[in-house]
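Topology and contacts: notes
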Amino acid sequence: MNTAQTRQHTMMLNMGPSHPAMHGIIRLVLELDGERVVNSDVEIGYLHRAFEKSSEQSGYLQVIPYTDRLNYVSPLINNMGYSMAVERLFGIKPTERCEYIRVIMSELSRVSDHLTCIGASAMELGAFTAFLYMIKARELLYQGIEMVTGARLTISYIRPGGVKADLPAEFEPHIRNAIKETRKILKECDKLLTRNRIFVDRLKGIGIISKEDALAYGITGPFLRSTGIDYDVRKNCPYSVYNRFDFDIPVGTTGDNYDRYLCRMEEMEQSLQIVEQALSSIPGGNLMVDTEGREIPAAMMVDLAKMGETEGLIQLEVDLDPTLQGGTRKYFDAVEAPEKRAVLPAKEDTYGNIEGLMQHFKLVMLGHGITPPAGEVYQAVEGGNGELGFFVVSDGSGRPYRVRVRPPCFPIMAALPLMINGGFLADIIPTFGSVNMIGGELDR
Amino acid sequence: MKTQSQPQQESFFTSQLNDMIGWARKYSLFQYPFVTACCGMEYMSTACSHYDIDRFGAGLPRFSPRQSDVLMVVGTISHKLAPVLKQIYDQMCDPKWVVAFGVCTCTGGFYDNYATVMGIDTIIPVDVYIPGCPPRPENVLDGLIKLQEKIQCQRQEI
Amino acid sequence: MILEKIKEKFLDDVLETYEFRGDLVAVIRKEIICDLMEFLKTNPALDFNILMDLTAVDYLWQERIPRFDIVYHLYSLAKNHRLRVKASVDEKDPTIESLTGIWPIADWFEREVWDMFGIKFEGHPHLKRILMYQGFEGHPLRKDYPVTKRQPLIGPVN
């Protein structure tokens, strides 16, 4: 056989949409010359769920569950970005305690995001043990998150104006223990992976992107930092209370897969440090503000039912107010008052008395929910993969006129051909793993 | 399946062939995880050491539809993806079962819009529905046990 | 400072500048978009080197003419400031110049805007659908596209 002749033709290969090493659904159309990738095209959109269209159909509060499912590995950061955008439309600031809780929860989310990313990409390279260890650490963090929010994954915990409920008493000891365990697991994984010959050979010098290309493609997050640019929204445009914590932004030098892996490993440690600092310095006080920025007393926010403790709420006797004009507690004024609260009433009030039910109903139904003034804001937060931006346009009605998400994965996927062209077919797997593509966020 | 053992003699074992095959099949499920979205995170949790789906004989994901028995559809199916799902289902060999994992695959969930399929049962037949957005790992294991019961009881094609 | 510089340079082509909740906004005529972006990117005092986002808004329900706004979000890494640029595009002539020559990421963002809003970008190398599939009719994020109007590839129109 004459090899010179067979070499003349390249082969087309479809990778995906459902491929074992693709965590997410995406199709790569590859032109191969033997094992080498000559040319490639990325096809996305397989998880397009019309987030932006659905948001236009629902009220401001109803958008929050949709935001959970954008980046489903770190839903709390999405909640936070959207809530901050709506708060800026109103021009209000949440309370101190609420800001600290938000920081704690989003840093825990970031850790679980990076754990999943590194674990899954290590598994694809054959390091199954590291994956099992990392999921074990994630499970511990999920338990902490569940303790606070009542859900493991799709949480809707951070709302415009505040957070859903306060931290339970047992949260701090649990999470301190979880941090200790996570550190132990990270150390083990570090020993397993960082100097492992096979792992290093698969990552080092693969999937390189230059600083200039990364900026031209608008790439942010660990991906940009691995090229040596220390852009992090938490440091560059500090939001919430991030400027009060002492943490470093790890940067790489070459912009290859190995640098991205090291950046993510170090970022987890930094996030854990932020959580510890926040836990030590968290102030007391109220959790919520209304849409005019007035604080809502914490006693109004006792919300056992949302935590799953519904005992005693079913068949709850209704206290009839002697004046027959509604409850005597002053926050029921909101039922008829022009003031619109940004947060739903406690579930025990919703189930327990008519004023609470009416208030809940009115807030949720169109025209009685929160109505920010007309205008538009762009709010960026640091998501697991980079800058997560929410562009919310309000026309002064109860529904957002337009909600646009700037997905951090999107630019990285657009730049993927730069990184895989010219490399080997098998090198696509570690490169794609280091992108940490999240379908919900990429395709919305 | 009935088992009888008599202490004096060698123990023996009577069963019908149908039950026997069902018993064999239900504890050796090779699954094809068709992971698309959020539910994939809970699928990972279920498959890993904490909840350990391996205890129920379904620990081995096969990433080729031709080698697998159970198609686990994990996450929202959009209209763009529907033909792919159908093709993968068609590629699987009999006997095969389908698990709809998560509310998006059961009914479409709250994504009632132009892009998503309102339940995968409009495209392929479904054996077990696991609701939840996403379902908790315990819920998934319950769904798996229900599937095993179904496999045990059905008429086994050979 | 940023807005003054733009007004100084482009005079009457800048229709409006304002600040809302700390976001700087410049509304411009669509003809100058490429010149403006080139200026913003290369001027050392402004140095907007990242195109963070590119999207569109459909103002049909507000019965505004022109109907669409193309919204650009820029960020400067060195100066650490942000700017939003808006250019209006009418329904009768939904075209605007492409920025693919200035920022390569504009390629995908513009494909998405074409897919979702049906706005053509002149000079774009391969303007085709990115999120929806070939054969999908209409542009789903336009306000006159019904949210539940499905165009399935297989299966019933449920």
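So, here is what we can say about the structure in this document. (Residues numbered from 1 in each chain as written. Chains lettered and ligands numbered in written order. Predicted model: local features only at pLDDT ≥ 70, side-chain atom pairs only at ≥ 80, totals over all residues. Heavy atoms only, no water.)

For the rest of this paragraph, the subject is the overall build of chain B. From N to C terminus, chain B includes 5 helices and 7 strands. Counting from the amino terminus, helix and strand elements in chain B follow one another as β-β-α-β-α-β-β-α-β-α-β-α. Principal-axis analysis of the C-alpha atoms gives chain B an extent of 70 × 35 × 25 Å. For chain B, the proportion of its 158 residues judged to be buried stands at 53%. Nonlocal contacts in chain B, meaning residues at least 24 apart in sequence, comprise 75% of its contacts between residues at least 6 apart. (Helix = DSSP H or I, 4+ residues; strand = E, 2+ residues; numbered from the N terminus. Buried < 20%, exposed > 50% of the residue type's maximum accessible area, 1.4 Å probe, protein only. Contact = heavy atoms within 4.5 Å.)

Our focus in this paragraph is the interface of chain A and chain C. Residue-level contacts link 44 residues of chain A with 45 residues of chain C. Carbon and sulfur atoms supply 58% of the area that chain A and chain C bury against each other, a total of about 3800 Å² over both sides. Interface area lost by chain A to chain C is led by Lys53(A), Glu376(A) and Tyr401(A), which between them contribute 19%. Across the chain A-chain C interface, the total number found is 9 salt bridges. Here Asp41(A) makes a salt bridge to Lys128(C), at a shortest N to O gap of 4.0 Å. Where chain A touches chain C, the interface holds 22 residue pairs in polar contact (both at pLDDT 80 or more). For the side of chain A that touches chain C, the secondary structure elements donating two or more residues are β3 (36-43), α2 (51-57), α4 (75-90), α9 (211-216), β8 (375-382), β9 (387-394), β10 (400-406) and α15 (409-420) of chain A. The greatest single-element share of the side of chain A that touches chain C, amounting to 5 residues, is contributed by β8(A). Across the side of chain A that touches chain C, the residue classes tally to 22 nonpolar, 8 polar and 14 charged. (Buried area = accessible area lost by both parts, 1.4 Å probe. Salt bridge = Lys/Arg side-chain N within 4 Å of Asp/Glu carboxyl O. Polar contact = N/O pair within 3.5 Å; in protein donor to acceptor, adjacent residues only side chain to side chain. Nonpolar A, V, L, I, M, F, W, Y, C, P; charged D, E, K, R; others polar.)

Moving on, we come to unusual backbone geometry. Cis geometry marks the peptide bond from Asp94(B) to Pro95(B); its omega dihedral reads -5 degrees. For Pro95(B), the position within the fold is in the loop between α3 (82-91) and β6 (97-101). For the bond from Ile65(C) to Pro66(C), the omega torsion is -5 degrees, close enough to zero to count as cis. Position of Pro66(C) relative to the elements: it lies in the loop between β3 (50-58) and β4 (68-76). If you check the backbone angles, Ala50(A) has positive phi at about 60 degrees while not being a glycine. Checked against the element boundaries, Ala50(A) lands in the loop between β3 and α2. Overall, the relative accessible area of 1% leaves Ala50(A) in the buried class. Positive phi, normally seen in glycine, also occurs at Arg21(C), with a value near 50 degrees.

Any two side chains of opposite charge can pair if their charged atoms end up close together. Applying the stated criterion across every chain yields a total of 47 salt bridges over all chains. Each of Arg88(A), Glu376(A), Asp23(C), Arg64(C), Asp69(C), Arg84(C) and Lys86(C) takes part in one network of salt bridges that share partners.

Within the largest apolar cluster, 214 residues are counted, with the highest numbers of intra-cluster contacts made by Leu71(B) and Leu40(C). Top contributing element to this core by residue count: helix α5 (residues 96-124) of chain A, with 12 residues. Excluding its chain neighbours within four sequence positions, the residues that come into contact with Leu40(C) are Ile6(C), Leu46(C), Asp47(C), Phe48(C), Leu74(C), Leu83(C) and Val85(C). Among the nonpolar cores identified, the runner-up in size contains 19 residues, and Leu29(B), Tyr43(B), Trp97(B) and Leu141(B) belong to it. (Core = buried A, V, L, I, M, F, W, Y, C linked by side-chain atoms within 4.5 Å.)

The strands that make up a sheet are held in pairs by hydrogen bonds between backbone atoms, and each pair lies either parallel or antiparallel. Residue and element names in this part refer to chain A. If you trace the 3 strands from one edge of the open sheet to the other, you get β8-β9-β10, paired in antiparallel fashion. Two strands close off the open sheet at either side, each with one partner strand: β8 and β10. Across the sheet, the mean angle from the axis of one strand to that of its neighbour is 15 degrees, orientation sign disregarded. Taken together, the 8 bridges between β8 and β9 define a ladder with antiparallel strand orientation. (Pairing = 2+ DSSP bridges. Axes fitted to C-alpha atoms, helices over the stretch in contact; angles between N-to-C directions.)

Moving on, we get to the packing of aromatic side chains. Residues and elements named next belong to chain A. Here the structure, examined in full by the defined rule, presents 23 aromatic pairs over all chains. Seen in terms of ring centroids, Tyr 100 and Phe 245 are 5.7 Å apart; in terms of plane orientation they differ by 85 degrees. Their pairing is edge-to-face. Highlighted residues: Tyr 100 in helix α5 and Phe 245 in the loop between α11 (233-236) and α12 (257-281), separated in sequence by 145 residues. Assessed through its relative accessible area of 6%, Tyr 100 is described here as buried. (Phe/Tyr/Trp six-rings, centres within 6.5 Å; stacked < 30°, edge-to-face > 60°.)

Moving on: helix α6 (residues 128-149) of chain A. Here α6(A) is 22 residues long and its end C-alpha atoms lie 31 Å apart, about the 32 Å a rise of 1.5 Å per residue gives. Once α6(A) finishes, Gly150(A) follows within two positions and takes phi at roughly 90 degrees, a positive value. (Expected span 1.5 Å × (residues − 1).)

Moving on, we get to the pairing of β10(A). Residue and element names in this part refer to chain A. Extensive coverage of β10 is indicated by the burial of 7 of its 7 residues. Both β9 and β10 contribute to a ladder of 6 bridges, which runs antiparallel. The residue bridging Val 393 from the neighbouring strand is Arg 402, located in β10.

Now for the environment of Asn257(A). All names here are of chain A. Mapped onto the elements of the fold, Asn 257 is located in helix α12. For Asn 257, a relative accessible area of 1% puts it in the buried group. As a C-alpha pair, Asn 257 and Cys 117 span 140 residues in sequence and 12 Å in three-dimensional space. Those residues in contact with Asn 257 that lie beyond four places of it in its chain are Leu 203, Ile 206, Gly 207, Pro 430, Thr 431 and Ser 434.

Moving on, we get to a negative patch on the surface. Residues and elements named next belong to chain C. Together, Asp 35, Glu 38, Glu 97 and Glu 122 make up a negatively charged patch on the protein surface. Mapped onto the fold, Glu 97 is located in strand β6 (residues 95-97). On the basis of relative accessibility, which here comes to 35%, the residue Glu 97 falls in the partly exposed class. (Patch = residues over 30% accessible without salt bridge, like charges linked within 9 Å, V, L, I, M, F, W, Y side chains within 5 Å. Areas by Shrake-Rupley, 256 points an atom, 1.4 Å probe, with all protein chains shown as cover. Lys, Arg positive; Asp, Glu negative; His and termini not counted. Charge placed at Lys NZ, Arg CZ, Asp CG, Glu CD.)

Our focus in this paragraph is the pairing of β8(A). Residues and elements named next belong to chain A. Where burial is concerned, most of β8 is hidden: 8 out of the 8 residues are buried. Side chains of β8 alternate between two faces, with Gly 375, Val 377, Gln 379 and Val 381 and Glu 376, Tyr 378, Ala 380 and Glu 382 buried alike. Hairpin connection of β8 to β9: 4 residues between the antiparallel strands, including Gly 386 at a positive phi of 145 degrees.

With that out of the way, let us pick up the interface of chain B and chain C. Opposite the 12 residues of chain B that make contact, chain C presents 18 residues. The largest contributions to the chain B side of the interface with chain C come from His79(B), Lys80(B) and Tyr114(B), which together make up 58% of the buried area. Taken together, the links from chain B to chain C amount to 1 salt bridge. Close ionic contact of Asp112(B) with Arg150(C) constitutes a salt bridge, the shortest N to O distance being 2.8 Å. Counting the contacts that link chain B with chain C gives 6 residue pairs in polar contact (both at pLDDT 80 or more). In terms of residue class, the side of chain B that touches chain C is built from 5 nonpolar, 4 polar and 3 charged.

Going through the model one piece at a time under the given rule, you end up with 0 disulfides over all chains. Of all cysteine sulfurs in the structure, the one in Cys409(A) sits closest to Cys117(A), which takes part in no disulfide; the separation is 9.7 Å. (Disulfide = S-S within 2.5 Å.)

Right, let's get into the sheet that holds strand β2 (residues 27-33) of chain A. Residue and element names in this part refer to chain A. An order of β1-β2-β3 is seen for the 3 strands of this open sheet, with the pairing classed as antiparallel. The outermost strands of the open sheet, each flanked by one partner alone, are β1 (11-15) and β3. Taken pair by pair, the neighbouring strands of this sheet meet at an average axis angle of 20 degrees, ignoring direction. Two elements, β1 and β2, share 5 bridges in a ladder whose sense is antiparallel.

A cluster of nonpolar residues, Leu17(B), Met20(B), Trp23(B), Tyr27(B) and Ile158(B), forms a patch on the protein surface that exposes about 570 Å² of accessible area. Within the fold, Tyr27(B) resides in the loop between α1 (17-26) and β3 (30-35).

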